[in-house]
Structures are given as structure tokens and as C-alpha cells.
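Fold and contact review
The lines below spell out each chain.
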Amino acid sequence: MKTQVAIIGGGPAGLLLSQLLDLQGIESVVLERHSREHVLARIRAGVLEWGSVEVLRNAGVGERMDTEGLLHDGSVIVWSAKHRFLIDTRRYAGRPMMAYGQTNITEDLYAARDAAGGTIIDEANDVTPHDLTGNPYVTYEKDGEQHRLDCNYVAGCDGFHGVSRASIPESILQTYEKDYPFGWLGILSRTPPLPELTYANHERGFALASMRNPMLSRYYVQCPLDDDVDEWPDERFWQELKSRFPEEIAAQIVTGPSIEKSIAPLRSFVAEPMRYGNLFLAGDAAHIVPPTGAKGLNLAISDVFYLSRALTQFYDNGSTDYLDRYSDMALRRVWGAARFSWWLTMLLHRFPDQGAFDHRAQEVELDYIASSEPAARSIAEQYAGLPFEE
Ligand code: APR
Ligand code: PHB
């Protein structure tokens, strides 16, 4: 088989890339290791920057997002049991945020690819890219048979544990990594969410109240990394969650049975460069951010926007200008978001080795942000997402 762009990984990055390329008349094949059911069962991020909303609309997958997504002016931070600060993206960055789940985005992308007759090969095993600095091709096994896919370019959209980044020689790849000494225990429940997405810095640990739709809420509490979900029956979760919010907010939280519950570690990771020969990395394959800034999905979307534009330029007029600049351009945005996510994580969580001094320093920093317009503007600008480069 032959195609123009072989896309490894059928998560949001890979599916969106194939959709954007198709709209420009560029052929691609998506090779996904798991079944579609498995991909669609993953509960992940849920907050979109306005730039991401526009990319999804331009990709022709904005219809359901525009009816079901929840627009908000920004997100709230609460601390010291009484203080409240709005990260006012509409006021300071001129853009609202949109709550719309990654699971829905993935469903919308699958539907669009199916409607356009796109090729997505699921349950593809042993996907392996070859000859990345020459004439690239990808081999894989499906239903016990070996296959070969020849292509001009390979897009590595296969997430953190994928094969793409691992195909770049160690001598070329530089990685930067930071692990955090706690996890997030998250639940989904069919209950009405709080009116605002609210982050809490509390002496018992971080908590977050988020949303998917008017009858679907997503909540998180910071927990020890070695905790097991079995140690967290619903009752304990709700009690702990409420204890971390100021009383009047806790009183508004509507509890109910959880329909999903999982613990995720927090990690920062950046791999450079995001290109090796004819292989281009996008999304979690190249970088991971802790979820505190809600940047993971947005970075995957901005990488794919840059990469689809670069491939479009190449197939339009043979110019490799954008392809040659892809890694540097994408990494500028990635590092901006990686730094912001790290900073917000440090500001809002309780670390095991922190003392009273560190706690006061966090509170004083939050007080400062709430009282300084330049500080409030700076946070809002970063939370809203930096603009894409021309
Ligand atoms: N071969 C084929 N497919 C693979 C392989 C492989 N060797 N390894 C991984 N995959 C698939 C995974 O099964 C997954 O469906 O690649 C896909 C990668 O999808 P994601 O992990 O969702 O990554 P990405 O598309 O970059 O989206 C980033 O996901 O983790 C969140 O916060 C992150 O929201 C962000 C988004
Ligand atoms: C979510 O809704 O899952 C969510 C929201 C905001 C974050 C992280 C996750 O910062």
C-alpha cells in the first residue's frame, strides 16, 4: 500500500491531522494499535483554548462542539478557605474557554473520517517506521498478516508510549523530564457541575471541579501516587473533595455515583527536536504536561495545526520552508505551555517536603496575583493559550 502521509496513532492528534490533510486533498493512512472502542473509552482532558476551537471548526468537526460545549470566561482559583480569583481570559486575552471532552472530540473526528471515506486501520500491531532519512515506509501486522505502507512522510502521533519517538537515534534526541510526587484521582459523575471550573489550593491538597456538559461533572483531588482507586469509595471521594473547597462552594457540589474513577500521575516531559528526517512528532508523542493548566490536548491540536500547514505548503508548491521550521515553531509553544503548567502545578499543590514557609509563600503569591492587574493579565494570557505563529 502507498500513501502520502503515514500517521501512527489514532488519538486526537492523528485523527485531526488526517482530517486536516484530507481537506487539502492530501492522502493519509492512520495506523492505530487499539480498537476504536478502546480509544473512545478513554476519559481525558476537557478544556479547549479558543485557538483549538477554531482549528476544530476549520477541520469541519465543530458542529456538536458548538452546540454541546460549555463556554466560560475563564476559570476560578480558590485558596485559604475564602479567597477567590478568576483567570479572566475573556477580559485579558479577549477569548473565552470551551469545556468539551476529548472523548467527544475523538468521536466527532472518527465520524468525520468515516464520512469522508478515510482509512483508519485499527488493531494494527508491531507498527514500525523504517528508512526515515531516505524513502520512508511503515510495516505493521493486522489479523496475523504483515503489511507495508510506503509514504513520503511519517507523522508520529502515537502518544507518550508510542514507537515514533523511540525511532529517533538517542544521539539526536534530547529529553527533559520532571515527575511530581503525587497523582490526581479523577471521577466522572452524572450530576450538574459547578457553574465555574474551579481549582482549589488547600492544606489537605489540590482539588479541581470541572465539567463536560450540564449533566456531567469531572472532579479531581490530589492523592498519593501509590494510592489505589479501591481505597477511594465514592463516599470518601466526595467528602475529601468537599473538604478542600470553601464552605459555600462545597455546599453547591451535587454528589452522585461515579461512572469512572482513575488515578493518573503528573509528569512534565519534552523531547527535542520534534523532527527526524521525514518523521514528524506531534502531541503526547513529543511532550507531556501535568494537567493543571489544561494544556495537553491544546498542544496536540497546535502541533497538528502547524504540521498540517507545513505539509499543505509542501504538496501545494514543493516548498519545505514550514516543514523545516516545524520543530522550532512547535517547541516554542510547547515550552511556553510546559513552563506554565509546571508553574501552576507548583502553585496549587501540596508537596510532601513542603514546610509552613512554602505554604505561606504559595498563599502570598496567590494574594499577589489577585491584587495585581499585570499578574492577572499574564496568567489569563497563558491560560487562554498563546497565538499561533504565522
Ligand atoms: N502503534 C500504533 N498506535 C499506537 C502505538 C503504536 N506503537 N502506540 C500508541 N498508539 C496509539 C494509542 O493507542 C493512542 O490511541 O496512539 C494514540 C495516541 O493518542 P493519545 O495518547 O491520546 O495522544 P495524542 O493524540 O497526542 O493526544 C494528546 O491525549 O493524553 C492526552 O493530555 C493529552 O489531551 C492530550 C491528548
Ligand atoms: C478536565 O475537565 O478534565 C480538566 C479541566 C482543567 C484542567 C485539567 C483537567 O486543568
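Values in this document were obtained by computation on a predicted structure and should not be read as measured data.

**Some thoughts on the overall build of the protein**
- When you go through the protein residue by residue, the secondary structure sums to 12 helices and 20 strands.
- Computed over the C-alpha atoms, the radius of gyration of the protein is 21 Å, within 12% of the 21 Å expected from 2.2 N^0.38 for a compact globule of 390 residues.
- The principal-axis extent of the C-alpha atoms belonging to the protein is close to 60 × 40 × 40 Å.
- In the protein, which comprises 390 residues, the proportion classed as buried is 55%.
- Partitioning the contacts of the protein with sequence separation of at least 6, the portion at a separation of at least 24 is 71%.
- As displayed, the protein has an accessible area near 16600 Å², and 48% of this comes from carbon and sulfur atoms.

**Structural notes on the pattern of salt bridges**
- This structure, assessed with the given rule, holds 24 salt bridges.
- Here Asp114 makes a salt bridge to Arg36, at a shortest N to O gap of 2.8 Å. Of this pair, Asp114 sits in helix α6 (residues 102-115) while Arg36 sits in helix α2 (residues 36-41), placing them 78 residues apart in sequence.
- Under the relative-accessibility criterion, Asp114 is labelled partly exposed at 40%.
- In this structure Arg36 comes out as partly exposed when scored by relative accessible area, which is 24%.
- The salt bridge involving Asp150 is made with Arg148; its shortest N-O contact spans 2.9 Å.
- Owing to a relative accessible area of 42%, Arg148 belongs among the partly exposed residues under this scheme.
- It is possible to trace a salt-bridge network through shared partners that takes in Arg64, Glu68, Glu107 and Asp108.

**A short note on the site of ligand 2**
- Near ligand 2 you find Val47, Trp184, Tyr199, Leu208, Ser210, Arg212, Arg218, Tyr220, Pro291, Thr292 and Ala294, and these make up its full shell.
- Contact distances for ligand 2 include 2.6 Å between an oxygen atom and a side-chain N or O atom of Tyr220.
- Here Pro291 contributes a backbone N or O atom positioned 2.8 Å from an oxygen atom of ligand 2.
- Here the shell around ligand 2 gets 3 residues from one element, more than from any other, and that element is strand β15 (residues 207-213).
- In the shell around ligand 2, the residues fall into 7 nonpolar, 2 polar and 2 charged.
- Two domains each put at least three residues into the shell around ligand 2: domain 1 (5-71 + 98-177 + 267-348) and domain 2 (180-266 + 352-384).

**Overview of the sheet that holds strand β19 (residues 279-281)**
- As summarised here, the arrangement of the 6 strands in space is β8-β2-β1-β12-β19-β18, forming an open sheet in which the pairing is mixed. Each having just a single partner strand, β8 (119-121) and β18 (275-276) make up the two edges of the open sheet.
- Across 2 bridges, the pairing between β18 and β19 is antiparallel. What sits directly across from Tyr276, in β19, is Leu279.
- Contacting β1 (5-8), β2 (28-31), β8 and β12 (153-156), helix α1 (residues 12-23) runs over the sheet at an angle of about 160° to β1.

**Some points on the sheet that holds strand β7 (residues 97-99)**
- The sheet built from 3 strands is open, its strands ordered β3-β7-β4 with antiparallel pairing. Edge positions in the sheet fall to β3 (47-48) and β4 (70-72), since each of these pairs with one other strand and no more.
- Where β4 meets β7, 3 bridges bridge the pair, whose relative direction is antiparallel. Across the sheet, Leu70 pairs through a bridge with Ala99, a residue of β7.

**Things to note about the domain arrangement of the protein**
- Domain boundaries assigned for the protein yield domain 1 (5-71 + 98-177 + 267-348) and domain 2 (180-266 + 352-384).
- Contacts between domain 1 and domain 2 engage 26 residues on the former and 26 residues on the latter.
- Regarding the contact of domain 1 and domain 2, the summed buried area is about 2200 Å², with carbon and sulfur atoms giving 64% of it.
- Three residues stand out in domain 1 for area buried against domain 2, namely Ile43, Leu347 and Leu348, and they jointly supply 28% of the buried area on that side.
- Linking domain 1 with domain 2 are 0 salt bridges, by the criterion used here.
- Here domain 1 and domain 2 share 10 residue pairs in polar contact (both at pLDDT 80 or more) between them.
- Looking at the side of domain 1 that touches domain 2, the elements that each hand over two or more residues are β17 (258-272) and α10 (321-348).

Rules used in this analysis
- Residues numbered from 1 in each chain as written.
- Chains lettered and ligands numbered in written order.
- Predicted model: local features only at pLDDT ≥ 70, side-chain atom pairs only at ≥ 80, totals over all residues.
- Heavy atoms only, no water.
- Helix = DSSP H or I, 4+ residues; strand = E, 2+ residues; numbered from the N terminus.
- Rg over C-alpha atoms; globule rule 2.2 N^0.38 Å.
- Buried < 20%, exposed > 50% of the residue type's maximum accessible area, 1.4 Å probe, protein only.
- Contact = heavy atoms within 4.5 Å.
- Areas by Shrake-Rupley, 256 points an atom, 1.4 Å probe, with all protein chains shown as cover.
- Salt bridge = Lys/Arg side-chain N within 4 Å of Asp/Glu carboxyl O.
- Near = heavy atom within 4 Å.
- Polar contact = N/O pair within 3.5 Å; in protein donor to acceptor, adjacent residues only side chain to side chain.
- Nonpolar A, V, L, I, M, F, W, Y, C, P; charged D, E, K, R; others polar.
- Domains from an automatic or database assignment.
- Pairing = 2+ DSSP bridges.
- Axes fitted to C-alpha atoms, helices over the stretch in contact; angles between N-to-C directions.
- Buried area = accessible area lost by both parts, 1.4 Å probe.

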